[in-house]
Amino acid sequence: MSGDQTVICRCEEITLKEIKETVERFQCSSREVKLRTRAGMGPCGGRTCRCMIDRLVEQLGGPKISNDVSLSYRPPVRPVSFGILGGEPK
Amino acid sequence: MNSMRVTDHPILGTLENKKQVTITFDDVPYPAFEGDTIASALLASGVRTLRHQEDKGTPRGIYCNIGHCFECRVRVNGKNTVRACLTPVEGDMRIESGGEL
Amino acid sequence: MIDLVIVGAGPAGLGAAISAAEYGLEVCVLDEFVKPGGRLLGQLHEEPDGKWVNGIAEAQKLYYRALQLGVKIKCGVSVYDIAKLESGWCVYTTDQIYETECLLLATGASETPIPVPGWTLPGVMSIGAAQVMGNVHRVKPGEKGIIIGVNVLSVAIARELQLCGVHIESILLPQSSFVSGDSAHPEKMMESLLRLTHLAPSPLIRFGGKWVNPKIGARLYPRNGFKMWGIPIQLRKTALEILGEYQVEGVRIADISATGEVVPGTEKVLSADFVCIAGGLTPMSELASVAGCSFRYIPELGGHIPIHNECMQTNLKGLYVAGNITGVESAKVARAQGTVAGLSVARELHAIKQRADEIIDIAKKEVIDTRRNALIQFQAGIEREREELYDKGNNVFEEKISV
């Protein structure tokens, strides 16, 4: 297996190659990488790969890691059933 | 069957006798101790693959073991996306691999 | 409305619960894991005086003390959202919705991954996963393991796994790539390993003493590494790929130069039934981010840190942080920070009738002393970075207050 085929986002199985190509083609931020590739959009909410993608984008010549949490989190930060969201007792 | 158990530990001591229950994973029965998580009980019996990735079908098992990564998600008694590493076993618990969102 | 909800029942969360409850506050602690204790649960190490520190026993002491004080502790509960109320905070969990005057985020850190070809195979896990499996659940992660990533955590946990009866074949470096960064660099890793000499296992002290300069150390580093507790630590070997059809069967490795380049013709395969990835820890910022905290990116502290002051207050009223969410350090520092946070909340809610500032100052000093006496220094420059952050935190806080 070549290094480029290494999986970066385990949830969505997005490879280093896909992320590299996206950054090179669109010159984009890690937030945009996430939206374009779905990396970091799986059930873990990006908890596993977020910091890797930040670093990757920086090293590929994208925006430097800033003080903002770039792949900003949106609630729910854990997958929950619609029942719980609707206030149904457990 | 339980060769993966750390029964005697030089510092943490010997595991006291715990109550045994039976769980099923994809219809195969496995022994588990009370206090086990689904993940620890299955690993004690040598089961490493808990699901297959939805798109590409690659096999997956536990990764972080503390609920962060969701790699060990299974279906438990019909409920999807249950983290095997955070869920204590119960007698007759029915666990299935897979479990799409 | 509860006085204080704490997310995370590790040393910081329980420490805060205890100090707040000692001043009569109504406290509720929430944690996702099956047992209270957080990362403390997995820890097991020998102090220089030969005494073993058993994290499970330490966690139990904190837990019982908190229960004694009437703290409610709920395990197996996940927090999925938090929202600011007119006064106080609303915490949405898989169990129920809590309304609280003050909220403390003590969510700790998650493990930093190092992607390696083949790392999604069953049998590959984070080093912390193997630690919890062995020490907490008392199940071996496998019979024969290889650890990718040489750092304070991986060497300490390798020893713990050995005590569980697991054979560790090798601790080696990840391959140099875009993502692995310094963790693939022998000289850089030598530097970080030298900070481990506090932990005292004699081979490393001898080794560190012999080659104090990391540059020289990495160059003179024996090609087959050196052993600690009989475990080979190999700064001049790298993991190229994890192999296996359905689960881990082995790792393809190669020799590397002092600067990390693969030496052609040195590839070989080591067999193993499990592999641990040891990339260090990153503070978990998600709940603080959802709450609307401001952050600073501070690599020395492990990543994005919510801005806070020495009293552990964030820039949002009633929202506090403590433990590894404020930067990766030892469990003892986390506990001491928790105490400060609990006392600060008690002061905010006017539960400390006398000498509140003085009491908090003593607790703050305890954090500094604990940090200075820590056996394991995770990162260089922690103290300096913290002082700068606190200045920032104080400024932000004063601005808010003066409005």
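Residues numbered from 1 in each chain as written. Chains lettered and ligands numbered in written order. Predicted model: local features only at pLDDT ≥ 70, side-chain atom pairs only at ≥ 80, totals over all residues. Heavy atoms only, no water.

**Here's the deal with the interface of chain B and chain A**
Interfaces are frequently sized by the accessible area removed from exposure as the parts join. How we decide: Two residues form a contact once any of their heavy atoms are found within 4.5 Å. When two parts are brought into contact, each loses some accessible area as probed by a 1.4 Å sphere; the total of that loss over both is the buried area. Whenever a carboxyl oxygen of Asp or Glu lies within 4 Å of a side-chain nitrogen of Lys or Arg, that contact is scored as a salt bridge. The term polar contact refers here to a pair of N or O atoms within 3.5 Å; inside protein, the definition further demands a hydrogen-donor-capable atom paired with an acceptor-capable atom, and it admits residues adjacent in sequence only when both atoms are side-chain atoms. In this classification, Asp, Glu, Lys and Arg are treated as charged, Ala, Val, Leu, Ile, Met, Phe, Trp, Tyr, Cys and Pro as nonpolar, and every other residue, Gly included, as polar.
Contact with chain B, which involves 13 residues of that partner, is made by 11 residues of chain A. Broken down residue by residue, the surface that chain B buries against chain A is led by K56, H68 and F70 of chain B, which jointly contribute 34%. Scanning the region where chain B abuts chain A turns up two salt bridges. Ionic pairing is found between E71 of chain B and R10 of chain A, a salt bridge with its closest N-O pair at 2.7 Å. Across the chain B-chain A interface, the total number found is seven residue pairs in polar contact (both at pLDDT 80 or more). Among the residues making up the side of chain B that touches chain A, the classes are represented as four nonpolar, four polar and five charged.

**Here's the deal with the pattern of salt bridges**
All names here are of chain C. This is how the line gets drawn: Numbering goes from the N terminus for both helices and strands, where a helix is a DSSP run of H or I of at least four residues and a strand is a run of E of at least two. Relative accessible area decides the class of each residue, using a 1.4 Å probe on protein chains only: under 20% of the type maximum gives buried, over 50% gives exposed, and in between gives partly exposed.
The full count for this structure, using the stated rule, is 37 salt bridges over all chains. A salt bridge links K74 to D95; the nearest nitrogen and oxygen atoms lie 3.2 Å apart. Taken together, the residues K74 in strand β5 (residues 72-75) and D95 in the loop between β7 (89-93) and β8 (97-105) connect sequence positions 21 residues apart. Using a relative accessible area of 26% as the deciding quantity, one classes D95 as partly exposed.

**As for the packing of aromatic side chains**
Selection rule: Each Phe, Tyr or Trp ring, with Trp reduced to its six-membered ring, pairs with another whose centre is within 6.5 Å; inter-plane angles below 30 degrees give stacked pairs, above 60 give edge-to-face pairs, and intermediate values give tilted ones. Remark: a charge is flagged as sitting over a ring if the NZ atom of Lys or the CZ atom of Arg is within 6 Å of the ring centre and within 35 degrees of the ring normal.
Applying the stated criterion across every chain, the model contains three aromatic pairs over all chains. Consider the rings of Y63 of chain C and Y64 of chain C, whose centres lie 5.6 Å apart with planes at 45°: the pair is tilted. On the basis of relative accessibility, which here comes to 25%, the residue Y63 of chain C falls in the partly exposed class. Directly above the ring of F26 of chain A sits R36 of chain A, whose terminal nitrogen or CZ lies 3.6 Å from the centroid. Taking the ring centre of W89 of chain C as reference, the NZ or CZ of K84 of chain C above it sits at 5.1 Å.

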